[in-house]
Amino acid sequence: MIPLKAPMQETLAAAVVMSTSWPRNGNFINPMCGSGTLAIEATLIALNRAPGLLRNNFGFMHLKGFSESSWRILRSRVKAEEKDRLKGRIIATDISQQAVDSARKNAMTAGVDRFVEFGVCDFSNTPVPDGGGVVILNPEYGERMGEEEELRTIYKGIGDFFKKRCQGYTGYVFTGNVELAKRVGLRTKRRLSFYNGPIECRLLEYDLYEGSRSSKAPNEIADRRLQIEKSKI
Ligand SMILES: C[S@@+](CC[C@H](N)C(=O)[O-])C[C@H]1O[C@@H](n2cnc3c(N)ncnc32)[C@H](O)[C@@H]1O
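Reference entry: report on the structure contained in this document. A quick note: this is a predicted structure, and the numbers were derived from the prediction, not measured. (Residues numbered from 1 in each chain as written. Predicted model: local features only at pLDDT ≥ 70, side-chain atom pairs only at ≥ 80, totals over all residues. Heavy atoms only, no water.)

**Focus on the environment of Gly 34**
Looking at the secondary structure, you find Gly 34 in the loop between strand E1 (27-30) and helix H2 (37-46). You can call Gly 34 buried: its relative accessible area is 16%. (Helix = DSSP H or I, 4+ residues; strand = E, 2+ residues; numbered from the N terminus. Buried < 20%, exposed > 50% of the residue type's maximum accessible area, 1.4 Å probe, protein only.)

Listed below in structure tokens is the structure:
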């Protein structure tokens, strides 16, 4: 994993994805993707890919009684259970080109780059296709970077993005700053606690009820931008 500012541990990202209501066959939208950890872990989970498959050395292999042939059978059984396509779309965007470049490289290393649609844009312009699913953001929370005032505006913007663009989805914000989270301005349906290193964090869940979107145009524009970005690959 190429480290970027405030990246999430893969294990934490996997736990966060598994704690969402994502049904694995819906869309998984991850604006502010940073190094792409959440989107990559979501893809691995949806593909039913066993963790550690790219690793070929484990401590238990050096224990007395380890059976190389049983291990090989187990690995091939697990590989046979992998899926080779996804039903929903996995979209990961960030305002930073550098973040998206590293997310794409990390997805390549994990062998999932062809399943993730990457784009460079403000979170509010991220395409949110019809069909529902999960939209999850891990904004900066001021512990290690970011100015509080600027972040208040961003968190309020996330609430507006959820309301205007994400109806029919379940929204999530993963943050270590509950005061900033209040700026989202929506009622939480569920709150889960996690530790990101020493920082106590919350995964906040928001039900974004289906309603008439004020306009479809922003999604169409955002989708076109994503196509342009994809064609640059
Ligand atoms: C805490 S980091 C996300 C870390 C990510 N979960 C990971 O594992 O790498 C927050 C990200 O939000 C991005 N960001 C900040 N402001 C943004 C904005 N207005 N629109 C989109 N992305 C933004 C930053 O570039 C940064 O990559």
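**Observations regarding helix H1 (residues 10-19)**
Every buried residue of H1 is listed here: Leu 12, Ala 13, Ala 14, Val 16, Val 17 and Ser 19. Where H1 is buried, its residues meet E1, H2, strand E4 (133-137), strand E5 (169-175), strand E6 (190-196) and strand E7 (199-207). (Contact = heavy atoms within 4.5 Å.)

**Some words on the sheet that holds E1**
In any sheet, the strands associate via hydrogen bonds between backbone groups, in a parallel or an antiparallel arrangement. With mixed pairing, the 7 strands of this open sheet are ordered in space as E3-E2-E1-E4-E5-E7-E6. The open sheet terminates on both sides in strands that have one partner only, identified here as strand E3 (116-120) and E6. Going from strand to strand, the sheet's axes swing by 20° on average, the running direction of each strand aside. Direction of pairing for strand E2 (residues 90-94) relative to E3: parallel, over a ladder of 5 bridges. When the bridges of E3 are listed, Asp 94 appears paired with Val 120. The strands that H2 touches are E1, E2, E3 and E4; relative to E1, the one it contacts most, it runs at about 165°. Each of E4, E5 and E7 is contacted by helix H5 (residues 148-165), which is oriented at about 170° to E5, the strand it contacts most. (Pairing = 2+ DSSP bridges. Axes fitted to C-alpha atoms, helices over the stretch in contact; angles between N-to-C directions.)

**As for the site of the ligand**
The local shell around the ligand holds 17 residues, among which Ser 35, Thr 37, Asp 94, Phe 123 and Asn 138 are the closest. One of the side-chain nitrogen or oxygen atoms of Ser 35 is found 2.6 Å away from an oxygen atom of the ligand. Contact distances for the ligand include 2.9 Å between a nitrogen atom and a backbone N or O atom of Phe 123. Calculation on the ligand without its partners gives an accessible area of 600 Å², and the protein chains cover 94% of this total. (Near = heavy atom within 4 Å. Polar contact = N/O pair within 3.5 Å; in protein donor to acceptor, adjacent residues only side chain to side chain. Areas by Shrake-Rupley, 256 points an atom, 1.4 Å probe, with all protein chains shown as cover.)

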